[in-house]
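# Understanding the architecture of this molecule
Below are the chains, spelled out letter by letter.
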Amino acid sequence: METRAIREQFLAFFEERDHVRVPSSSLIPNDPALLLTNAGMNQFKPYFLGEQTPSFARAMTVQKCFRTVDIDEVGDSSHLTFFEMLGNFSFGDYYKEQACLWAWELLTETFGMDAQQLWVTVYEGDDEAAEIWADVVGVQSERIVRLGKDDNFWSMDVAGPCGPDSEIFFDLGKDYGDPSPLGPAGNEERYVEIWNLVFMENDCDSAIEPVADLPKKNIDTGSGLERLAFVLQGAKTIFDTDTLGVLVAEAASLTGVAPGRDERSDIGLRILADHGRGLTFLAADGVLPSNEGRGYVLRRIMRRAIRQARLLGRDRLVLPRLVEATVRLMGGFYPELVANKDLVLEVAEREEARFSETLSQGLAQLESEIGRASGTRREAKAGARVGGDVAFKLHDTYGFPIDLTVEIASEHGVDIDRAGFESLMEAQRERARRARRTASDAGERSVLAAMLDASGPTEFLGYEHLEGEGELIGLADGAKSVALAAEGQEVDAVFDSTVFYAEGGGQVGDMGTVKTPSGEAKVLDVRRLAPGLTGHRLRVLRGEVRVGDVVAQGVDPVYRSGCQRAHTATHILHWILRDRLGEHATQAGSLVEPGRLRFDFNHFDSLGDGLIADISSELQDRVLSDDTVRAYETSYDFARSLGAMAIFGEKYGDFVRVVEVGDYSKELCGGTHVPHTSQIAVALVTSESSIGANLRRVEALVGRDGLRFLAGRAAVLARSAELLKANPEDVAERVERLLATGKDMERRLAAQDRDAAEFDAQALARAAADVNGVRVLVARRDAPVDALRSLVQTLKSRLGSGVVVLGAAGEGHANLVGGVTKDLVERGVSARELLAAGSETLGGGEGGKPELAISGGPRQEGLDAALEQVREAVLRALEP
Ligand code: SER
């Protein structure tokens, strides 16, 4: 039975039983608690928790899943990283009995499995499930096994919905090991899990302890499609099925290693098949390789696959062909693979090119460290271990994911000092943190948090007003709460309401002034100190500021309008980037300041000048088209259903603010914006650069700052034109011509220098005297010591057999360079010893070898005498 048919029959079976077909969600989960989608139920979590109500009570999915827990097992008969999970779900509708009956019916009747080969496990305390299997479904009681929480209680491994489960196993038979009376509990190799039925009825905390009942009892089932195919196709391993088998064959043709050569190379081929497929799906869903989070998972499997390919003897690119094969194989059911193929290929190719450069160097280092560590083990008879500093260097310099380093070392029976590695990583992060602005210290935060308890959250009135009135609730001077602050003091203040925007969503906090009945203070910065609590950094300009004062607040309008221009421009830019580059170009960070913005986003390549110019010009066009900017509050779900962009990793409450620009950009955003895009006036991209692996940064200027930038550029151009005596339009061409002329002149000068040196060398060579058949030249040439050195070398080769000593003097120093041809060195003549005769006269010493030596000292006036002394030494040395 083909994999395709299994998928279809599963869906048809549950469709007949009134299940609504829900598409697979992305591998990037819409759930900050999860790194990657790892189960069919992920997208339904809000339904199970009762946070949202689905419009259907039964659903079925074929869900893309990715799990790294089993990565070390990949290569055996049944484990994978990426897989397709078939699932049927009930949201407060049918429960245990129906779920068990249907699962059994599908397996034994539709798929025709032999009931004698099936086993079930149930949670130890779940008598109900055990009875259903035995009495209602009719499973023989010897093949019903009760297991504990580790095996039969399912959770997402994070806080959330969970519950007891019951798993169905298939007995692969005697080729896979001895039978066990405990079935799956006795032999994991022989009995493979093919379906998990979760009775989702609890809500657990992060320690996976159930803390409450869910509002309803639900069903969540998951059956690995590849495992079903493995069993139904009677394949030897999961890699011999009609899907993964094709990828193994591709890996074999790439490496020239046929399957079945030996166990080690089979594992390598299977890793290539699994990882090649996994990386294709991850990248197609918008994951880009990096050193963090899901990007790290992608990088790790890519680099792991590359290493396996090299071990199998393939030196050239492997990943792109694995990608192509996956798209061919699975693009029919997953159109996103086809749509994003170019992107995935590009990502794979770049990552491979990048890692290939450092892989062999890194491996050589690691192997020598491993060798050294094993050596120590033999001496010390202790466990061999490679230091954390080595792992850190491999990570930092050669791009070895730590898990890869650990894996390679463990293949040699050597450990890695992981704690040492982590502490070096932490130190590196700490350095980065320190380089950033430090947040107010913990003591200060706790004083202000106490204020929050006393006063409740700060009401924000600044969307509509730049001026307002608020009561001063509390003042903190460092970690102390104070009642008043006097002239010159800097303190943090909390008001019951404020018109000042607190730093957030990339936008910097407002500046401005506050006036109290008895004083005035400047607002230097405004930050959110705790959710709902706004802290204002004040410097008292005159008089006093007291707790209890009613203060007049005024935001600096120029500062604020500069921020608003930049913030709206940021949204427009984000939209344009995604529109031009693709969905993956999402925001990774932003800074919105008066008049300027910085926008970091995910992308793997430089944009190039042409594209930057295009983007900049579209940005300006959208500014001038005067679209309306609207902001409104709504529920998170409604906002997402409108397609509003949420920034990954930001925490949103149930109520969110949506900012819309025209009819195109929609983002969840708490920032302040211009009401019409034309108020931005000017927006231009000024730079684009890389700030890390697959992270790019664009900077732009808006409003007056944009104009000032343009005016500055125009002035530079005008000045250049004046100097060149050219029209501004002709400046570039004139500079090009000048550069060409300059180059030409340099070339000619260099040629002349060479000629002159040649001439000089010839003249000197002619001046050499003959001493007992040896040519001797001792002369003064006031040139830089490097030039002397090369002249001595040239002369040596001209003279055939001889001694050359040249001297030069400059401001406060003199040098001698001496050379002796090889035949004389063999007779015992040494340039270094010859120079020693003059060193004292120069007030210095000599260094070098018998063939070539240099001496020098501060007494420039002694040069001629020193040359004379050296000449005498030469003559002595050459006496027969
Ligand atoms: N959530 C369960 C699992 O992933 C069943 O779908 O195994």
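Please read these numbers as outputs of a predicted model, since none were measured by experiment.

One can find F14 in helix α1 (residues 3-16). Considered as a pair, F14 and R58 are 44 residues apart in the sequence and their alpha carbons are 9.1 Å apart.

With the rule as written, the count across this model stands at 26 aromatic pairs. Between the aromatic rings of F14 and W195, the centroid separation amounts to 6.5 Å while the plane-to-plane angle is 85°, which identifies the pairing as edge-to-face. Note that F14 is positioned in helix α1 and W195 in strand β8 (residues 191-204), a separation of 181 residues in sequence. A relative accessible area of 0% places F14 in the buried class.

Bringing the pairing of strand β30 (residues 774-780) into the picture now. For β30, the buried fraction is high: 5 of the 7 residues fall into the buried class. In this sheet, β30 lies alongside strand β29 (residues 769-771) in antiparallel orientation, the contact comprising 3 bridges. If you follow V771 over to β30, its bridge partner there is V774. As consecutive antiparallel partners, β29 and β30 are separated by 2 residues, and within that stretch N772 has a phi angle of approximately 50°, a positive value. Looking at chain direction, β30 and strand β31 (residues 802-810) are connected through 6 bridges and run parallel.

Here we come to the side chain of R565. Along the chain, R565 falls in helix α17 (residues 557-581). D705 provides the closest opposite charge to the buried, salt-bridge-free R565, at an N-O distance of 6.8 Å. One polar contact links the side chain of R565 to the main-chain carbonyl oxygen of Q679, over a distance of 2.7 Å.

Okay, the pattern of salt bridges next. Within the structure shown, the criterion is met by 57 salt bridges. Between R537 and D492 there is a salt bridge whose closest N-O contact spans 2.9 Å. A residue pair is termed long-range when its members are at least 10 positions apart, and R537 in strand β20 (residues 533-546) and D492 in strand β16 (residues 490-495) qualify at 45 residues. Take R537: its relative accessible area is 24%, and that puts it in the partly exposed class. As a salt-bridge pair, R546 and E544 come within 2.8 Å of each other at their nearest N and O atoms. Residues participating in the shared-partner salt-bridge network are E490, D492, R537 and R539.

In this model, the protein chain carries a mean pLDDT of 90, and residues with pLDDT of at least 70 account for 96%. Confidence, expressed as mean pLDDT per element, reaches its minimum in the protein chain at helix α16 (residues 442-455) with 64 and its maximum at strand β3 (residues 82-90) with 98. The model gives residues 435-442 a pLDDT under 50, and that stretch makes 8 contacts with residues more than four places away or in other chains.

Tracing the chain through its elements places A185 in the loop between β7 (160-171) and β8. Note: C-alpha distance between A185 and D151 (34 residues apart in sequence) is 9.3 Å. In contact with A185, not counting residues within four places along its chain, are V145 and L147.

Contact geometry for helix α21 (residues 731-767) and helix α22 (residues 785-799): axes closest at 10 Å, N-to-C directions at 50°. By the criterion of interaxial angle, the relationship of α21 to α22 is oblique. As α21 runs across α22, the sense of the crossing is right-handed. The segment α21 lies against α22, with E758, D760, A761, Q762, L764 and A765 engaging L791, T794, L795, R798 and L799.

With that out of the way, let us pick up the nonpolar core. By size, the foremost hydrophobic cluster in this structure holds 121 residues, and its most contacted members are W133 and I194. In terms of residue count, the dominant contributor to this core is helix α12 (residues 341-380) (11 residues). With residues near it in sequence (within four places) discarded, I194 still touches L107, M113, L118, I168, F169, F170, G222, S223, G224, R227, L228 and V231. In this structure, L597, L607, V659 and V685 belong to the second largest nonpolar core, which totals 29 residues.

With that settled, consider unusual backbone geometry. With a phi angle near 65°, D18 is a residue other than glycine that sits in the positive phi range. Mapping D18 onto the fold places it in the loop between α1 and β1 (20-21). Judged by relative accessible area, D18 falls into the exposed class, the value being 58%.

This next bit is on the sheet that holds strand β23 (residues 596-602). What holds strands together in a sheet is hydrogen bonding between their backbones, with the strands either parallel or antiparallel. The strand order across the open sheet built from 4 strands is β22-β23-β28-β27, with neighbouring strands paired in antiparallel fashion. At either end of the open sheet lies a strand with only one pairing partner, and these are β22 (587-593) and β27 (683-692). Taken over all neighbouring pairs, the strand axes of this sheet differ in orientation by 15° on average, direction set aside. Examined bridge by bridge, β22 and β23 share 6 bridges and lie antiparallel to one another. Residue S590 lies in a different strand from β23, and its bridge partner there is F599. Helix-sheet contacts for α17 involve β22, β23, β27 and β28 (695-702), and the interaxial angle to β23 is about 30°.

Moving on, we come to a negative patch on the surface. Taken together, the side chains of E73, D150, D151 and E188 make up a negatively charged region of the molecular surface. Assignment of secondary structure puts E188 in the loop between β7 and β8.

Conventions and cut-offs
Residues numbered from 1 in each chain as written. Predicted model: local features only at pLDDT ≥ 70, side-chain atom pairs only at ≥ 80, totals over all residues. Heavy atoms only, no water. Helix = DSSP H or I, 4+ residues; strand = E, 2+ residues; numbered from the N terminus. Phe/Tyr/Trp six-rings, centres within 6.5 Å; stacked < 30°, edge-to-face > 60°. Buried < 20%, exposed > 50% of the residue type's maximum accessible area, 1.4 Å probe, protein only. Pairing = 2+ DSSP bridges. Lys, Arg positive; Asp, Glu negative; His and termini not counted. Salt bridge = Lys/Arg side-chain N within 4 Å of Asp/Glu carboxyl O. Polar contact = N/O pair within 3.5 Å; in protein donor to acceptor, adjacent residues only side chain to side chain. pLDDT = per-residue confidence, 0-100. Contact = heavy atoms within 4.5 Å. Axes fitted to C-alpha atoms, helices over the stretch in contact; angles between N-to-C directions. Parallel < 35°, antiparallel > 145°, perpendicular 65-115°, else oblique. Left-handed = near helix turned anticlockwise from the far one by under 90°. Core = buried A, V, L, I, M, F, W, Y, C linked by side-chain atoms within 4.5 Å. Patch = residues over 30% accessible without salt bridge, like charges linked within 9 Å, V, L, I, M, F, W, Y side chains within 5 Å. Areas by Shrake-Rupley, 256 points an atom, 1.4 Å probe, with all protein chains shown as cover. Charge placed at Lys NZ, Arg CZ, Asp CG, Glu CD.

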